[in-house]
Amino acid sequence: MVCGDGGVRRVHPILAAYVADYPEQCLVACAKSGTCPKCRRPAKDLQEKTTGEERTPLWTLGIIDDAKRTSSTRHQFFTKCMESDVAGGVGEPFWKGFPYCDIHLSLTPDVLHQLYQGVFKYILDWTGDMFNKEELDACVRTLPPAYGVRHFKNGISALSQVTGGERKDMARILLACLSGKLARPALVATRSILDFIYLAQYTTHNDTTLQYMKDALDTFHRHRKVFIDMGLRDDFNIPKFHALLHYIPSIKLFGTTDNYNTEMFERFHIDFAKDGWRASNRRDERPQMAQWLTRQEKVASFDRYLEYLVDQEEEKRHLQLSKVVQLTKLPSRPHQPITSIEDSHSCQGFTRALKEYLNTFLDRTENVSNYRLPFHHLDVFHSFKFKRDETGYTEVMESAGEREVVYARPSKGKQVARFDTVVVYVKNEVAESTGLEGTSYLA
Ligand SMILES: [Zn+2]
């Protein structure tokens, strides 16, 4: 491999992390479906609030070898493995003989399938049943449109084939719709699961933030009984809920969950495999694809370098905001009197705020009340877009549609006014802040 310093070295990779969904996890770890592929908690005890004794490759291979030795038929082998919660279909796991590889330890958390398409989907079903699906839909439909929030105009219960993106959109609004409608324990259980889902996606962690995750999970465990009391569940022996117990140790071992997110690899499959294949002449394609990838990487790193230079230049000139915000070529309302803007936008302090803002461009600052603006009219834009950027807007941006547009639009005829509020993370944000701490507003 060519290393960062330009040297070419022989490299022996170690299988350390394996990213897969639950059926594949069970398959590669030789775990019986319905049990935990990482620990030995049997299916009927998955609701315990701690993990079981670890599965180890030695233990798994021991069960398989034992079953082989004492069985004369394939059926017997299968049954013996399954009795010990080991899958009976594999006699020779592919990782057998890999040095330094612990297949069970290497299975990583999976935000998309375990959290959004798993745990959150259960919570959504249960709270919907508790509350009344039609009423929940009515709440969802009547939410006012807002930046970054999808407006489900037909409610959410009738949607079939829900994508990961749609689940994320539902997670954003669920708690607000349930508030005041469900008994407190159900609300607390729902909130703590949502807390866990968001905390699990932090891109940096320390002991404090990992403790937040543990607290959220503990809170859920204390309140989840409400779903049983209401007759929605008999127990919590659900592999995806049990898997939450393995998140913190996995983050400590492998880093934050964005490092092994299945969505990212699905994306990579398109960029790296499909596009590379198309760029080849489809004969002896592997070396061509490898070369194509190498070139793409070089182009990308040169782009990053150019961006870095531009960024530095812009930072010097305080132009960061213009890089993020995009306006249409022509204003929605050209040349409007400032007094009428104050009126139609209900912003009485606008003139003063504008003076204060302009003042920041002067070398010496003046007392704003003493001077008059040298103009009386302004062009008004009713919306702007956020541009793609590395600082965290990406998630909202990627889900297409009008959501990336921020509105400040007065009412007109039958159309009601819409003034979005945007909460912005201040640069150099540390992960520890939760809720609205460390944010500023753009109204
Ligand atoms: Zn487990």
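The residue numbering used here restarts from 1 in each chain and proceeds along that chain's sequence as written. Local features are withheld for residues below a pLDDT of 70 in this predicted model, meaning they are given only at 70 or higher, and side-chain atom pairs are given and counted only at 80 or more; totals for whole chains, interfaces and linings count all residues. Neither water nor hydrogens contribute to the side-chain values; these are computed over all heavy atoms in the structure.

Visitor: Please provide a residue-by-residue account of the environment of His246, values included.
Guide: Put simply, DSSP H or I for four residues or longer makes a helix, DSSP E for two residues or longer makes a strand, and each gets a number counted from the N terminus. Position of His246 among the secondary structure elements: in the loop between helix H10 (239-243) and helix H11 (247-254). The buried label applies to any residue whose accessible area, calculated with a 1.4 Å probe on protein chains only, is under 20% of its type's maximum; exposed applies above 50%, and partly exposed to all values in between. Under the relative-accessibility criterion, His246 is labelled buried at 11%. Along the sequence, His246 and Thr108 sit 138 residues apart, while their C-alpha atoms lie 8.7 Å from each other. Whether two residues are in contact is decided by their heavy atoms, any of which lying within 4.5 Å being enough. Setting aside residues no more than four positions away along its own chain, His246 makes contact with Cys36, Lys38, Cys39 and Thr51.

Visitor: Break down the pattern of salt bridges for me, citing the residues and quoting the values.
Guide: A carboxyl oxygen of Asp or Glu within 4 Å of a side-chain nitrogen of Lys or Arg is what we treat as a salt bridge. By the definition in use, this model includes 20 salt bridges. Across the salt bridge formed by Lys96 and Glu92, the nearest N and O atoms sit 3.4 Å from each other. Beyond isolated ion pairs, a larger network of salt bridges with shared partners links Arg150, Glu166, Asp169 and Arg172.

Visitor: Break down a nonpolar patch on the surface for me, with residues and values.
Guide: Only residues whose relative accessible area exceeds 30% and that form no salt bridge are eligible for patches; like-charged ones are grouped when within 9 Å, while nonpolar side chains (Val, Leu, Ile, Met, Phe, Trp, Tyr) are grouped when within 5 Å. For the area figures, the Shrake-Rupley method with a 1.4 Å probe applies, and any residue is considered shielded solely by the protein chains shown. On the surface, Phe302, Tyr305, Leu306, Tyr308 and Leu309 cluster together into a nonpolar patch covering about 510 Å² of accessible area. Along the chain, Leu309 turns up in helix H13 (residues 285-316). Judged by its relative accessible area of 37%, Leu309 is partly exposed.

Visitor: Could you give an account of the coordination of the zinc ion, with specific residues and numbers?
Guide: The coordination sphere of the zinc ion, as far as protein atoms go, consists of Cys36 (SG), Cys39 (SG), His242 (NE2) and His246 (NE2), spread over 2.0 to 2.2 Å. Only nitrogen, oxygen and sulfur atoms qualify as donors, provided they sit within 2.8 Å of the metal or within 3.2 Å for Na, K and Ca; with water excluded from the atoms, sites may seem incomplete. Every angle between 85 and 135 degrees makes a four-donor site tetrahedral, while opposite donors more than 155 degrees apart, with all other angles between 65 and 115, make a four-donor site square planar and a six-donor site octahedral; other sites are irregular. Around the zinc ion sit four donor atoms, and with donor-metal-donor angles ranging over 103 to 117° the site reads as tetrahedral. On the primary sequence, the residues serving as donors to the zinc ion are separated as C-x2-C-x202-H-x3-H. In this pair, Cys36 sits in the loop between helix H1 (22-29) and helix H2 (57-70) while His246 sits in the loop between H10 and H11, placing the two residues 210 residues apart along the sequence. Assigned by exposure class, Cys36 and His246 land together as buried.

Visitor: Could you give me a rundown of helix H16 (residues 350-359), with the residues and numbers involved?
Guide: Listed as buried for H16 are Leu354, Lys355 and Asn359. End-on, the buried residues of H16 take up no more than an arc of 140°, which puts them together on one face. Its buried side turned inward, H16 meets strand E3 (377-380). Note that the arc is computed from the directions linking the helix axis to the C-beta atoms.

Visitor: So what's going on with the confidence of the model for the protein? Which residues, and what values?
Guide: Known as pLDDT, the predictor's per-residue confidence is scaled from 0 to 100. Summarising the model, the protein shows a mean pLDDT of 85, and 89% of its residues fall at 70 or more. The secondary structure element of the protein with the lowest average pLDDT is helix H17 (residues 394-398), at 41, and the one with the highest is H10, at 96. Predicted confidence is poor over residues 390-402, with pLDDT under 50, and the contacts of this stretch with residues over four places away or in other chains come to 19 contacts.

Visitor: Residue-level account of the sheet that holds strand E6 (residues 418-419), with values.
Guide: Two strands qualify as a pair provided DSSP detects at least 2 bridges between them. Overall, antiparallel pairing links the four strands, which are arranged E1-E4-E5-E6 in an open sheet. Where the open sheet ends on each side, the last strands, each with one partner, are strand E1 (325-326) and E6. Pairing geometry for strand E5 (residues 405-409) and E6, over two bridges, is antiparallel. The partner of Arg409 across the bridge, within E6, is Arg418.

Visitor: Summarise the side chain of Thr257; cite the residues concerned and give the values.
Guide: One can find Thr257 in the loop between H11 and helix H12 (262-279). According to the relative accessible area criterion, Thr257 is buried, its value standing at 3%. Other than its neighbours up to four places away in sequence, Thr257 contacts Pro109, Val111, Ala200, Gln201 and Ile251.

Visitor: Tell me about the packing of helix H8 (residues 207-223) against H11, and name the residues and values.
Guide: Every axis in this analysis is a line fitted to C-alpha atoms, fitted for helices over the stretch in contact. Angles between the N-to-C directions lie between 0 and 180 degrees. With their axes 10 Å apart at the nearest point, H8 and H11 run at an angle of 160° to one another. On the basis of their axis angle, the class for H8 and H11 is roughly antiparallel. Between H8 and H11 the crossing geometry is right-handed. Mapping the contact onto sequence places Leu210, Met213 and Lys214 in H8 and Tyr247, Ile248, Ile251 and Lys252 in H11. For this scheme, ten residues count as nonpolar: Ala, Val, Leu, Ile, Met, Phe, Trp, Tyr, Cys and Pro. Four count as charged, namely Asp, Glu, Lys and Arg, and the remainder, Gly too, count as polar. In terms of residue class, the contact of H8 with H11 is made up of five nonpolar, no polar and two charged. Note that the term roughly parallel is reserved for angles under 35 degrees, roughly antiparallel for angles over 145, roughly perpendicular for angles of 65 to 115, and oblique for everything else. Rotating anticlockwise by less than a right angle from the far helix to the near helix defines a left-handed crossing, while the corresponding clockwise rotation defines a right-handed one.

Visitor: Hey, could you go over the packing of helix H4 (residues 111-131) against helix H5 (residues 133-142) for me, with residue numbers and the actual values?
Guide: For any two helices packed against each other, the geometry is given by the interaxial angle and the distance between the axes. It is at 6 Å that the axes of H4 and H5 come closest, and there the two elements cross at 105°. Classified by the interaxial angle, the pair formed by H4 and H5 is roughly perpendicular. For the pair H4 and H5, contact is made by Asp125, Gly128, Asp129 and Phe131 and by Lys133, Glu135, Leu136 and Cys139, respectively. Of the residues that constitute the contact of H4 with H5, the class distribution is three nonpolar, one polar and four charged.

Visitor: Explain the state of the cysteines to me, and be specific about the residues and the numbers.
Guide: By disulfide we mean two sulfur atoms from cysteines, separated by a distance within 2.5 Å. Inspection of the entire model under this criterion finds zero disulfides. The structure places no disulfide on Cys177, whose sulfur is separated from the nearest cysteine sulfur, that of Cys139, by 5.3 Å.

Visitor: Give me the lowdown on unusual backbone geometry, citing residues and values where you can.
Guide: Phi is positive for Arg282, which is not a glycine, with a value near 70°. In this fold, Arg282 is placed in the loop between H12 and H13. In this structure, His335 is a non-glycine residue whose phi angle is positive, near 50°. By the secondary structure assignment, His335 is in strand E2 (residues 333-337).

Visitor: Which residues make up the environment of Asp5, and what are the values?
Guide: Here Asp5 lies in the segment before H1. Among the polar contacts listed, one links the side chain of Asp5 to the side chain of Arg9, at a separation of 2.9 Å. Here a polar contact is recorded for every N or O atom pair within 3.5 Å, except that within protein the pair must consist of a potential hydrogen donor and a potential acceptor, and residues adjacent in sequence are included only if both atoms are side-chain atoms.

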